Amino acid sequence: MPIDLLPQFIRTNYEVHEWRHATAILRNDLPREWDDVVSVLMGFRLRKNAILTPGGRKSPIAEELDSGFLSRGWIAKTFHTGIVVDGSERENPTHEIDCYRNRVALEVEWNNKDPFYDRDLNNFRVLFDLGAISLGIIITRADDLQKVFDELGKGKSYGASTTHMSRLLPRIQGGGGGGCPILVFGIKTDLYLEDE
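The shown structure was predicted, so the numbers you read here are calculated from the model rather than taken from an experiment.

Some words on the overall build of the protein chain
In terms of regular secondary structure, the protein chain is built from eight helices and ten strands. Expected size for 196 residues packed as a compact globule is a radius of gyration near 16 Å; at 17 Å, the protein chain falls within 12% of this value. When its C-alpha atoms are laid out on the principal axes, the protein chain stretches across 60 × 35 × 30 Å. For the protein chain, with 196 residues in total, the buried portion stands at 47%. Long-range pairs, those at least 24 residues apart, make up 71% of the contacts in the protein chain between residues at least 6 apart in sequence.

Brief notes about the pattern of salt bridges
For the coordinates displayed, the defined rule picks out twelve salt bridges. A salt bridge links K48 to E194, with the shortest nitrogen-to-oxygen separation between them at 3.5 Å. Here E194 lies in the segment after β10 (192-193) and K48 lies in helix α4 (residues 48-52), a separation of 146 residues in the sequence. One salt-bridge network, in which partners are shared between bridges, spans D114, D118, R167 and R171.

Comments concerning the environment of K154
Checked against the element boundaries, K154 lands in the loop between α7 (146-151) and α8 (165-173). The sequence separation of K154 and L52 amounts to 102 residues, and the corresponding C-alpha distance is 7.6 Å.

Regarding the nonpolar core
One finds I137, F185 and I187 to be the most contacted residues of the largest nonpolar core, which totals 40 residues. In this structure F185 touches L6, I10, Y14, E15, V16, V37, L41, I137, I138, I139, T140 and M165, once residues within four positions along its chain are discounted. Residues F124, I138, L169 and I182 belong to the second largest nonpolar core, which totals 19 residues.

Here's the deal with α8
Residue pairs three or four apart in sequence face the same way in an α-helix, which turns once every 3.6 residues. Taken residue by residue, α8 has M165, L168, L169, R171 and I172 as its buried positions. For α8, the buried positions fall inside an angular range of 165° around the axis, keeping them on one side. In this structure, the buried residues of α8 make contact with β1 (14-19), α6 (115-129), β8 (135-141) and β9 (182-187). A positive phi of about 95° marks G175, the residue just after α8.

Thoughts on the packing of aromatic side chains
Following the criterion strictly, the structure yields six aromatic pairs and no others. For the pair W110 and F149, a centre-to-centre distance of 6.0 Å together with 85° between the ring planes defines the contact as edge-to-face. With W110 in the loop between β7 (104-108) and α6 and F149 in helix α7, this residue pair connects regions lying 39 residues apart in the sequence. An identical accessibility class is assigned to W110 and F149; each is buried. Owing to a relative accessible area of 0%, F149 belongs among the buried residues under this scheme.

Describing the sheet that holds strand β3 (residues 75-77)
One open sheet holds the six strands; their spatial order is β1-β9-β8-β7-β6-β3, and the pairing between them is mixed. Of all strands in the sheet, those with a lone pairing partner are β1 and β3, marking the two edges. Within the sheet, the average angular offset between the axes of one strand and its neighbour, ignoring direction, is 25°. Note: β7 against β8, five bridges, orientation parallel. Each residue of the ladder has a partner; that of L106, found in β8, is I137. Here α8 sits on the sheet and contacts β1, β8 and β9; the angle it forms with β1, its principal contact strand, is near 10°.

Points about the state of the cysteines
Counted under the stated rule, the structure contains zero disulfides. In this structure C99 is a free cysteine whose sulfur lies 16 Å from that of C180, the closest cysteine sulfur available.

Some remarks on the environment of G186
Within the fold, G186 resides in strand β9. For the pair G186 and S71, spaced 115 residues apart in sequence, the C-alpha to C-alpha distance is 22 Å. Beyond its immediate sequence surroundings of up to four residues, G186 is in contact with N13, Y14, E15, T140, R141, A142 and M165.

A closer look at helix α5 (residues 60-70)
Restricting attention to buried positions, one finds in α5 the residues I61, A62, L65, D66, G68 and F69. Buried positions in α5, seen along its axis, are confined to an arc of 155° and lie on one side of it.

Reading the values: rules and limits
- Residues numbered from 1 in each chain as written.
- Predicted model: local features only at pLDDT ≥ 70, side-chain atom pairs only at ≥ 80, totals over all residues.
- Heavy atoms only, no water.
- Helix = DSSP H or I, 4+ residues; strand = E, 2+ residues; numbered from the N terminus.
- Rg over C-alpha atoms; globule rule 2.2 N^0.38 Å.
- Buried < 20%, exposed > 50% of the residue type's maximum accessible area, 1.4 Å probe, protein only.
- Contact = heavy atoms within 4.5 Å.
- Salt bridge = Lys/Arg side-chain N within 4 Å of Asp/Glu carboxyl O.
- Core = buried A, V, L, I, M, F, W, Y, C linked by side-chain atoms within 4.5 Å.
- Arc of directions from axis to C-beta.
- Phe/Tyr/Trp six-rings, centres within 6.5 Å; stacked < 30°, edge-to-face > 60°.
- Pairing = 2+ DSSP bridges.
- Axes fitted to C-alpha atoms, helices over the stretch in contact; angles between N-to-C directions.
- Disulfide = S-S within 2.5 Å.

Below, the structure written as structure tokens:
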């Protein structure tokens, strides 16, 4: 199974799902980006103080993951796309991708409202269909983290309508990403550290 190409540490500490051979595409066609994804995921730890620190626009957890990629040369990227029909052009805007490099689009969805998944998957679908990306990656949280949030008194902040794996998988399985190869990583309790 292609997911077996990932290091054991990642398969143990993240809930991993893929569609349309995303793992093989990333590893074989985009080895530098593969190395970056593996390095960032292997270096990440979910720290108690990061969960307890209130987020603003972005939580400390999403910031840490984003900065891991940005420090390796990935960029936040907006594509300018349009549709031309009989000579009449109209814009078809996409939203900014959190981290992008060499045809790989990566989104970090830590604790947003779950419709953000629809936005990400639609973006992956459009950009893949236009030949702008080869695959999409989403890093989110596994459902088993809810127990940690409840124990820390943050359970309401990380509620049922926020971004976590069981809200993402039905959207992908229902075709939300179209033909785009997709790789998904859910941060599990195995990565949690009590570090106060």
